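# Chain and residue survey
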Amino acid sequence: QTGKFTYDPGFLSTASCQSAITYIDGDKGELLYRGYPIEQLATNCDFLDTCYLLLKGELPNEQQQKDFHKLVNNHTMVNEQMQFFLRGFRRDAHPMAVMTGLVGGLSAFYHDSTDINNPQHREIAAIRLIAKMPTLVAMAYKYSIGQPYIYPKNDLSYAGNFMRMMFATPCADYEPNDVLVRAMDRIFILHADHEQNASTSTVRLCGSSGTNPFAAIAAGVACLWGPAHGGANEAALNMLEEIQRNGGVEKIGEFINQVKDKTSSVKLMGFGHRVYKNYDPRAKLMRETCHEVLGALGLENDPLFKLAMALEKIALEDEYFVARKLYPNVDFYSGIVQRAIGIPVSLFTAIFALARTVGWIAQLNEMIADPEYKIGRPRQLYVGAPRRDVPPIQQR
Ligand code: SDX
């Protein structure tokens, strides 16, 4: 019994830590940020309210909301030197390779003035990271297409500012469409935190050594890149486009058979989850957002969205998926929404990292604030060679 939640002893033995930030009930398909259901947050709040909640444990009141938005907006610019990090990359470098470098590079500017054991320092590091991630992701995108960087504007919303930095040019400003900005903000909310997933556990373990938060978040970016984790949204869209190229809805049966074939390594990307053995509540919200965005753009008949819904319908009725409790996860529809907004598929995981930064830093700060925390030191079961002596080279 921990607080209002009871766990069976078997579960407790697998838990890596105790946390008060995010709660997932994988069997019920429930996700709470600080006790609030993700459905209500995605509908009634914006991403910065969600950041405030994850960092401080409560939703902001009107004055707190105004002050927090202003504080974040005042930290959206990055040091002008950051652009020289980018110049070292090829233009076609994967954005996650660039982001791993840029976020690690932030520590070069702040590590010596950030004492991780000082709560005020932890707070300003969190603000700096939340504020600067959109600027860095947009810079990575502009660099990849050879366009000049667009500076943040403090009078725009968090999502609107990001989209302007992505799509405006010195010759033509970007007029954010409210539906698309709301969709972008919702994508950020849905990806903000998710308990002790692989990248969050990486950030906690890395940060437990006392390293600066910028370096610890860079480790999280690197872990999130993997196709079984944050890279799944990019892989899911590529999978849908490939099925579409090979015949679309008519060929779904063939594709599903490939997935079920034990000799093939083909997976239905965007399906399945280590914890959800029911529908990922974020996937439902992402599918609704898909409808809203495609409707606003007059793309209701988008072939990929129709293909995704047909694939979901077939998979949810197929014994292979039902027996393994495989349901759509957050990554299944997010790629279609981002593609409709105009975001290149290669940038999907960088946007996941942008949104997850608040979760990573909230979890890191929660760990550091615990007086009992120590450097992580997982142990192992040794299954290698028994003790033996080194033979002379002639006998090897
Ligand atoms: C994220 O942890 C988090 O919270 C992560 C995340 C977050 O917000 O941080 O939610 C984000 O990472 C979501 C997951 C994104 N990844 C994908 O969509 C990639 C495709 N999914 C699979 O890689 C897989 O579902 C996992 C790794 C996500 C979860 O795997 P499981 O279910 O824990 O365990 P498993 O891999 O052992 O699968 C069990 C069975 C196996 O078949 P059998 O050996 O029992 O015959 O289900 C099969 C698997 O082969 N299986 C799939 C499948 N996922 C699992 N078969 C086909 N397609 C799939 N997607």
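In this text the structure is predicted, and so the values were computed from the model without any measurement. (Residues numbered from 1 in each chain as written. Predicted model: local features only at pLDDT ≥ 70, side-chain atom pairs only at ≥ 80, totals over all residues. Heavy atoms only, no water.)

## Let's talk about the overall build of the protein chain
The number of helices and strands found in the protein chain is 18 helices and three strands. Rg of the C-alpha trace for the protein chain: 22 Å, near the compact-globule value of 21 Å for 396 residues, within the 12% margin. Principal-axis analysis of the C-alpha atoms gives the protein chain an extent of 70 × 60 × 55 Å. Expressed as a percentage of its 396 residues, the buried residues of the protein chain come to 48%. Residue pairs at least 24 apart in sequence account for 75% of intrachain contacts in the protein chain once pairs closer than 6 positions are excluded. (Helix = DSSP H or I, 4+ residues; strand = E, 2+ residues; numbered from the N terminus. Rg over C-alpha atoms; globule rule 2.2 N^0.38 Å. Buried < 20%, exposed > 50% of the residue type's maximum accessible area, 1.4 Å probe, protein only. Contact = heavy atoms within 4.5 Å.)

## Regarding the side chain of D302
Tracing the backbone shows D302 in the loop between α14 (281–296) and α15 (303–317). Using a relative accessible area of 9% as the deciding quantity, one classes D302 as buried. Among residues more than four places away in sequence, those in contact with D302 are L294, I336 and R339.

## Some words on the UniProt feature "active site" (unreviewed entry) in the protein chain
As annotated by UniProt and renumbered to match this structure, "active site" (unreviewed entry) occupies H273 and D331. Taken along the chain, the residues just named run across 59 residues; in space they keep tight, none of their C-alpha pairs more than 10.4 Å apart. Of note, H273 is situated in the loop between α13 (252–260) and α14. Of note is the side chain of H273, whose polar atom sits 3.2 Å from the backbone nitrogen of Y276. Counting through the fold element by element, D331 comes out in helix α17 (residues 331–341). When its relative accessible area of 6% is taken as the criterion, D331 is described as buried. (UniProt positions renumbered as here; feature names shortened; annotations may be inferred. Polar contact = N/O pair within 3.5 Å; in protein donor to acceptor, adjacent residues only side chain to side chain.)

## Overview of the packing of helix α6 (residues 95–110) against helix α7 (residues 119–144)
Packing of α6 against α7 brings their axes to within 10 Å, and their N-to-C directions diverge by 135 degrees. As far as their axial angle goes, α7 and α6 are oblique. Relative to α7, α6 is oriented so that their crossing is right-handed. Note on element contacts: α7 touches α6 through R128, L129, K132, M133, L136, V137 and A140, opposite V98, M99, L102, V103, L106 and Y110. Residues of the contact of α6 with α7, tallied by class, amount to eleven nonpolar, no polar and two charged. (Axes fitted to C-alpha atoms, helices over the stretch in contact; angles between N-to-C directions. Parallel < 35°, antiparallel > 145°, perpendicular 65-115°, else oblique. Left-handed = near helix turned anticlockwise from the far one by under 90°. Nonpolar A, V, L, I, M, F, W, Y, C, P; charged D, E, K, R; others polar.)

## Quick look at the site of the ligand
In the vicinity of the ligand there are 25 residues, among which H194, K262, H273, R274 and R282 approach most closely. One of the backbone nitrogen or oxygen atoms of F271 is found 2.9 Å away from a nitrogen atom of the ligand. Taken by itself the ligand offers 1000 Å² of open surface, and the protein chains cover 78% of this. Taken together, the residues of the shell around the ligand break down into ten nonpolar, seven polar and eight charged. (Near = heavy atom within 4 Å. Areas by Shrake-Rupley, 256 points an atom, 1.4 Å probe, with all protein chains shown as cover.)

## Quick look at the environment of N246
Looking at the element boundaries, N246 is found in the loop between α12 (232–245) and α13. By relative accessible area, which is 46% here, N246 ends up partly exposed.

## Topic: the packing of aromatic side chains
This model, assessed by the stated rule, comprises 15 aromatic pairs. Arranged with centres 5.0 Å apart and planes meeting at 80 degrees, the rings of F332 and Y333 form a pair that is edge-to-face. Looking at F332, the relative accessible area reads 1%, which means it is buried. With relative accessibility at 0%, the residue Y333 sits in the buried group. One aromatic cluster is present, built from ring pairs that chain together F271, F305, Y320, F321, F332 and Y333. (Phe/Tyr/Trp six-rings, centres within 6.5 Å; stacked < 30°, edge-to-face > 60°.)

## Looking at α12
Across its 14 residues, α12 extends 19 Å between first and last C-alpha, which sits within 8% of the 20 Å expected from 1.5 Å per residue. If you check which residues of α12 are buried, you get A232, N233, E234, A235, A236, L237, M239, L240 and I243. In this structure, the buried side of α12 is in contact with α13, α15, α17 and α18 (348–369). G247 lies just past α12 and shows a positive phi near 120 degrees. (Expected span 1.5 Å × (residues − 1).)

## Some points on the layout of surface pockets
A probe matching the size of a water molecule, rolled over the atoms, marks out where space remains unfilled. Looking at the second largest pocket, its volume works out to about 360 Å³. Considering the residues around the second largest pocket, the lining is formed by 14 residues, among which S16, C17, Q18, R204 and M367 are closest to the centre. Ranked by the residues each element gives to the lining of the second largest pocket, the list is headed by helix α10 (residues 198–207), at three residues. For the lining of the second largest pocket, a count of residues per class yields four nonpolar, six polar and four charged. (1 Å grid on protein atoms, 1.4 Å probe; cavity = no way out; pocket = protein on both sides within 12 Å on 5 of 7 lines; lining within 4 Å. Points joined across faces, edges and corners; volume = space filled by probe spheres on them.)

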